[in-house]
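A closer look at the structure
What follows is each chain in one-letter form.
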Amino acid sequence: MIEFKNVNKWFDKLHVLNDINLKIPKGEVLVICGPSGSGKSTLIRCINRLEKIQQGQIIVNDTPVHDKSTNLTKLRAEIGFVFQQFHLYPHMTVLQNVMLAPVNVKKLPKAKAEKIALEKLEQVGLTEKSAAYPAQLSGGQQQRVAIARGLVMSPEIMLFDEPTSALDPEMIGEVLDVMVNLVSEGMTMCVVTHEMGFAKKVADRVLFMDEGKIVEIGNPTDFFDNPQTDRAAEFISKILTH
Amino acid sequence: MLVDFNFRVILEYLPLFLTGLRSTFFIAVVSIILALITGIIACSCRISGIKIIKYPAIAYIEIVRSTPLLVQIYFLYFGLPTLGLRIPEIQTGILALMLNSGAYIAEIIRAGINSVDEGQIEAGVSSGLNYVQRMRLIILPQALGVTVPPLLGQNIVLVKDSALLSLISVMELTRCGQTMTSERFMPAEAFLTVAFFYMCIYFCLKALADWSQRKLIFREAY
Ligand SMILES: Nc1ncnc2c1ncn2[C@@H]1O[C@H](COP(=O)(O)OP(=O)(O)OP(=O)(O)O)[C@@H](O)[C@H]1O
Ligand SMILES: [Mg+2]
């Protein structure tokens, strides 16, 4: 479903992605963790080409993402992206936020788009907030709207970049619940997160990155209980004491 | 003092002042429209990634902003004819005001566009919206609110700047004051009247600015 082949990326001299090789099969839930600045965000941002790569190839559903000829609109419609800071459009209501892409990218008629948008809002438990503006919602609610906005294009892949890091602790649960539900629907997911509970519960594999390299990758119990490298062990003890 | 203030002469010169007012109004309206167009084009070039249109736009904006308007007017009025380009005063004046305000307007629009959070643009990109859609649906509606009040402010500046055109003998409001002064030697009456008309224009534009502030500024809902 997603494949990285010898991917290298630099920001000027900084080697952010160092020879990444990775295969993420359909339906897999991959949790990505690692210290700050290790390249986690960059890794998933390359998947829908929010970032360019300088070497190698990323293939999503047989489409080479970084080819000039790739139809980016179509590709991006198949990939939902959820940001740490939600990034809802503040001048639109919740419903308008969610409907924007179906109406303008998929060119669905308004009524149809609205129906789908309301279904997705129901899925994240926010039907009654559809007429509200983002600023009227709590952080957790905003993030759930952002998830609905990603889901509304019926993507096959959802990418999450630290979806709960900007949230007050009491709101983390509601967002994780929505994500766990997605897992049970068989969504392919890449989740950058330090939520160990989530990783242990639903992740098929955990990927540990440091300095642009994949240091370890394996199933969550092995990774957390029995890390193979000192760096991973040190990192796990740090997030545990947090 | 005030007892010497001669209202009769003002009445006598009223027709002249009204033509001056009309001329100032005409110059202002035409210049504002042209300046808006210039500003939008300059801003589009300024924010584009294409170097051969980006750098000339930067040069234009910086040259205008770093030099006095009077120098720009004199350059166009005295300089252009020596370079073989001869245009009437009023057109020269409008050209000067257009180029001058256009540069400021370009920066006002750019500030409005930049005020929209980069993350929202990335959210738009991720859902497959193209550049034009992102501009139209995400950036411009939010930029408009923060752009319109300073734009109207710039228009007020432009109206007052148009007084400088009296120095290249454009028959506008200030020039009428000068005419009356030289004919009757009553500068107090002349320039108070001139000031009064500028104030009228100012308050009209200000009312428009305040109204737009209330109507157009997008406030995050509470
Ligand atoms: N646009 C950019 N230009 C230059 N350097 C960048 C840019 N984006 C990220 N970097 C740098 O690349 C490195 C990796 O960044 P990245 O955001 O992928 O890290 P991360 O693992 O997501 O970190 P965090 O946990 O803090 O989010 C960092 O050192 C960062 O400073
Ligand atoms: Mg990050």
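One can find the structure itself at the top, above this paragraph.
Scope of this entry: the structure provided in the associated data block. (Residues numbered from 1 in each chain as written. Chains lettered and ligands numbered in written order. Predicted model: local features only at pLDDT ≥ 70, side-chain atom pairs only at ≥ 80, totals over all residues. Heavy atoms only, no water.)

**So, the sheet that holds strand 4 (residues 55-60) of chain A**
Paired through backbone hydrogen bonds, the strands of a sheet run either parallel or antiparallel to each other. Residue and element names in this part refer to chain A. Across the sheet, which stays open at both edges, the four strands sit in the order 2-1-4-5 with antiparallel pairing between neighbours. Strand pairing shows two members of the sheet lacking a second neighbour, strand 2 (14-24) and strand 5 (63-64), which therefore form its edges. Relative to strand 2, strand 1 (residues 2-11) runs antiparallel, the two being bridged by seven bridges. Bridge pairing links Trp10 to His15 in strand 2. Set on the sheet, helix 1 (residues 40-47) makes contact with strand 1, strand 2 and strand 4; between it and strand 1 the angle comes to about 120°. (Pairing = 2+ DSSP bridges. Helix = DSSP H or I, 4+ residues; strand = E, 2+ residues; numbered from the N terminus. Contact = heavy atoms within 4.5 Å. Axes fitted to C-alpha atoms, helices over the stretch in contact; angles between N-to-C directions.)

**Quick notes on the nonpolar core**
The tendency in soluble globular proteins is for nonpolar side chains to be buried as a group. Ranked by internal contacts, the top residues of the largest apolar core, which has 113 residues, are Ile147(A) and Met189(A). If you tally residues by element for this core, the top one is helix 6 (residues 169-184) of chain A, at nine residues. Beyond its immediate sequence surroundings of up to four residues, Ile147(A) is in contact with Val82(A), Val124(A), Met158(A), Phe160(A), Val175(A), Val178(A), Met179(A) and Leu182(A). Counting 31 residues, the second-largest nonpolar core is a separate cluster that includes Ala96(B), Ala163(B), Leu173(B) and Leu205(B). (Core = buried A, V, L, I, M, F, W, Y, C linked by side-chain atoms within 4.5 Å. Buried < 20%, exposed > 50% of the residue type's maximum accessible area, 1.4 Å probe, protein only.)

**Topic: the packing of aromatic side chains**
Between two aromatic rings, the relevant description is the distance of the centres plus the angle of the planes. All names here are of chain B. Taken as a whole and assessed by the stated rule, the structure comprises nine aromatic pairs over all chains. Where Phe17 meets Phe197, the ring centres are 6.4 Å apart and the plane angle is 40°; that geometry is what we call tilted. Note that Phe17 is positioned in helix 1 (residues 7-47) and Phe197 in helix 8 (residues 187-216), a separation of 180 residues in sequence. Taken as a pair, Phe17 and Phe197 share a single burial class, namely buried. (Phe/Tyr/Trp six-rings, centres within 6.5 Å; stacked < 30°, edge-to-face > 60°.)

**Focus: the pattern of salt bridges**
Counting across every chain of the model gives 12 salt bridges over all chains. Across the salt bridge formed by Arg231(A) and Asp210(A), the nearest N and O atoms sit 2.9 Å from each other. Taken together, the positions of Arg231(A) in helix 9 (residues 230-241) and Asp210(A) in strand 9 (residues 205-210) put the pair 21 residues apart, joining distant regions of the chain. A relative accessible area of 12% places Asp210(A) in the buried class. Across the pair Asp210(B) and Lys206(B) runs a salt bridge whose closest N-O atoms are separated by 3.7 Å. Taken as a pair, Asp210(B) and Lys206(B) lie in helix 8 at a separation of four residues, close to a single helical turn. Using a relative accessible area of 35% as the deciding quantity, one classes Asp210(B) as partly exposed. The class of Lys206(B) is partly exposed, set by a relative accessible area of 30%. (Salt bridge = Lys/Arg side-chain N within 4 Å of Asp/Glu carboxyl O.)

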